[in-house]
Amino acid sequence: MGKRRVVITGIGIVSPLGNTTAESWGNVLEGKSGINEVTRFDASAFSARIAGEVRGFDIGAYLPPKEVKKHDLFSQFSIAAAEQAWNDSGIAKAGYDPVRVGSILGIGIGGISTLEKYYAAYLSGGPRKISPFLIPAMISNLGPGNIAIRFGLKGINFTITSACTSGTHAIGESARMIAEGVQDAIITGGAESAITPTGLGGFCAMKALSTRNDEPDKASRPFDKDRDGFVLGEGAAVLVLEPLERAEARGAPIYAEVLGYGYSCDAYHITAPCPDGEGAVICMKQALESAGLKPEEVQYVNAHGTSTEANDVTETLAIKKVFGDWAKSGLVVSSTKSMTGHLLGAAGAIEAAFTALAIRDSVVPPTINLDNPDPECDLDYVPNEKRPLEINAAMSNSFGFGGTNGSVVLARVDR
């Protein structure tokens, strides 16, 4: 990754499984589903009427009432997750020069609910009904922008938008900047909230979503023969990254090291992965090379694992090409999307967070609802129950529309 070793010292999560890191991670390990019926609007006319909504979220714990209207829900989630990560890391007392501390988030869609709200206001009442907060609330760069304002971060600040790979790219690029000395610390991760009529409707029109509406907790079933599409989710995961030496010097909690990062593009199709998995293979190999690891030195892969036929089969094939015999003899793979649904631009961030927690706690989260494995998906996917495992190194994969791919390798510092 460069001259400096980069570690994760803080994690904050707002997800369909809970509004804190501890709650979300605890429910992951229990194999609980965060999928339920859509409650935010009347979804009765939609083919898919289920989603991974964030429930019981109280933005009032983070923002005064007069400030709330300035922030779309994705930004509210990112502020809450960032506050958790900031406090978890203790970075406020680290003495970093604010000009050397930045914020980079991955956000795939941004403030779609705000756009819908004020477009409806325009249709009913004309231009005067459009709020001056429309643009600042909906644009995706206000995710990291609001974090920078909140904590006085005067370094690098931008949003990465690369569909479902956004969060992984944000973490990888942040780690690279710190490793190369461009910044000393970066608040990074991803946020998303696209469970709106337009967001849900767009994916329904693509026939991409599960329509297992009568069994929402069983709808997201990666690698299972009976899967019928992914489930839309929402939330945010934010990580604090900083150099290992500085973190150790101040006694900061260290979850894992960001050891490697890979990226590629299928250059094949706007939504479908290349059937032979070429882009995913390039990406994972690049991440391993960046980390300086052999395939058999990785114990766990948190798969992109969307619960769609195209992804699950292709990713399985790509993993076997990259890891060779180790894919069957020693590697374990799981998809936490089976519990959270697909958080789009925040997916890579929450899955990297879960991977770091898996390393810390020496446990592999399960792939729930894996009751009837697809014969073409023939790896060890840790079905339905967590598994104790000493994890020295793990990979987290993300693959997005437009063929964009990203993988990060995380490792135990004292491996």
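Preceding block: the structure.
Below is a summary of the structure that appears in this document. Not measured: the values here are computed from a predicted model.

### Things to note about the pattern of salt bridges
Under the definition given, this model contains 21 salt bridges. Put simply, Glu257 and Arg5 hold a salt bridge, and the shortest N to O gap is 2.8 Å. Placement of the pair is Glu257 in strand β8 (residues 256-265) and Arg5 in the segment before β1 (6-14), with a sequence separation of 252 residues. Among the ionic contacts, a cluster of salt bridges with common partners joins Arg4, Arg100 and Asp184.

### Digging into unusual backbone geometry
Here Ala267, not a glycine, exhibits a phi torsion of approximately 50 degrees, which is positive. Along the chain, the position of Ala267 falls in the loop between β8 and α10 (278-291). On the basis of relative accessibility, which here comes to 70%, the residue Ala267 falls in the exposed class. Residue Leu344 is not a glycine yet carries a positive backbone phi of 55 degrees. Residue placement: Leu344 occurs in the loop between α13 (337-340) and α14 (347-361).

### Quick word on the pairing of strand β4 (residues 101-106)
Across the six residues that make up β4, a large majority, six, are buried. Here β4 shows two buried faces, one formed by Val101, Ser103 and Leu105 and the other by Gly102, Ile104 and Gly106. Of the strand pairs in this sheet, β4 and strand β6 (residues 185-192) are connected by six bridges, and their pairing is parallel. Each bridged residue has a counterpart across the sheet, and for Gly106 the counterpart in β6 is Gly190.

### What about the sheet that holds β4?
The strands making up a sheet are joined through hydrogen bonds of the backbone, oriented either antiparallel or parallel. If you walk across this open sheet you meet the ten strands as β5-β4-β6-β7-β1-β8-β14-β13-β9-β10, and the pairing is mixed. Among the strands making up the open sheet, the edge pair consists of β5 (157-160) and β10 (332-334). Adjacent strand axes in the sheet meet at a mean angle of 25 degrees, parallel and antiparallel pairs treated alike. Summarising the sheet, β4 and β5 pair through four bridges and their orientation is parallel. Along β5, the bridge assignment pairs Leu105 with Thr159. The strands that helix α11 (residues 309-323) touches are β9 (300-302), β10 and β13 (393-400); relative to β13, the one it contacts most, it runs at about 140 degrees.

### Quick word on helix α4 (residues 112-125)
Count 3.6 residues to each turn of an α-helix, and residues three or four apart come out pointing the same way. For α4, built from 14 residues, the straight-helix expectation of 20 Å at 1.5 Å per residue is met to within 8% by its first-to-last C-alpha distance of 20 Å. For α4, the complete set of buried residues consists of Ile112, Thr114, Tyr118 and Ala121. The inward-facing, buried residues of α4 abut α5 (134-138) and α8 (197-205). Of the residues one or two after α4, Gly126 is the one with positive phi, at around 90 degrees.

### A short note on the layout of surface pockets
Approximately 610 Å³ is the volume attributed to the largest pocket. In terms of lining, the largest pocket is formed by 36 residues, of which the most central are Thr271, Pro273, Thr308, Ala310 and Asn311. Mapped onto the lining of the largest pocket, the elements with two or more residues apiece are α10, α11 and β13. No other element matches the five residues that α11 contributes to the lining of the largest pocket. Its residues assigned to classes, the lining of the largest pocket comprises 13 nonpolar, 14 polar and nine charged.

### Some details on the nonpolar core
If you look at the biggest cluster of nonpolar residues, it comprises 47 residues, and the most contacted ones within it are Ile8, Ile11, Trp25, Leu241 and Leu410. At the level of elements, β1, α1 (21-29), α7 (166-179), β7 (235-243), β8, α14, β11 (363-364) and β14 (404-411) are the ones that each hand at least two residues to this core. Of the residues forming this core, the biggest block, ten residues, is contributed by α14. The residues touching Ile8, leaving out its near neighbours within four places in the chain, are Leu239, Val240, Leu241, Pro253, Ile254, Tyr255, Ala256, Val258, Ala356 and Leu410.

### As for the packing of aromatic side chains
Under the criterion given, the structure shown has nine aromatic pairs. Here the aromatic rings of Tyr261 and Tyr263 are separated by 5.2 Å at their centres, their planes lie at 50 degrees, and the arrangement is tilted. Given the relative accessible area of 5%, Tyr261 is considered buried. Following the ring pairs from residue to residue traces out a cluster consisting of Phe203, Phe230 and Phe401.

About the criteria used
- Residues numbered from 1 in each chain as written.
- Predicted model: local features only at pLDDT ≥ 70, side-chain atom pairs only at ≥ 80, totals over all residues.
- Heavy atoms only, no water.
- Salt bridge = Lys/Arg side-chain N within 4 Å of Asp/Glu carboxyl O.
- Helix = DSSP H or I, 4+ residues; strand = E, 2+ residues; numbered from the N terminus.
- Buried < 20%, exposed > 50% of the residue type's maximum accessible area, 1.4 Å probe, protein only.
- Pairing = 2+ DSSP bridges.
- Axes fitted to C-alpha atoms, helices over the stretch in contact; angles between N-to-C directions.
- Contact = heavy atoms within 4.5 Å.
- Expected span 1.5 Å × (residues − 1).
- 1 Å grid on protein atoms, 1.4 Å probe; cavity = no way out; pocket = protein on both sides within 12 Å on 5 of 7 lines; lining within 4 Å.
- Points joined across faces, edges and corners; volume = space filled by probe spheres on them.
- Nonpolar A, V, L, I, M, F, W, Y, C, P; charged D, E, K, R; others polar.
- Core = buried A, V, L, I, M, F, W, Y, C linked by side-chain atoms within 4.5 Å.
- Phe/Tyr/Trp six-rings, centres within 6.5 Å; stacked < 30°, edge-to-face > 60°.

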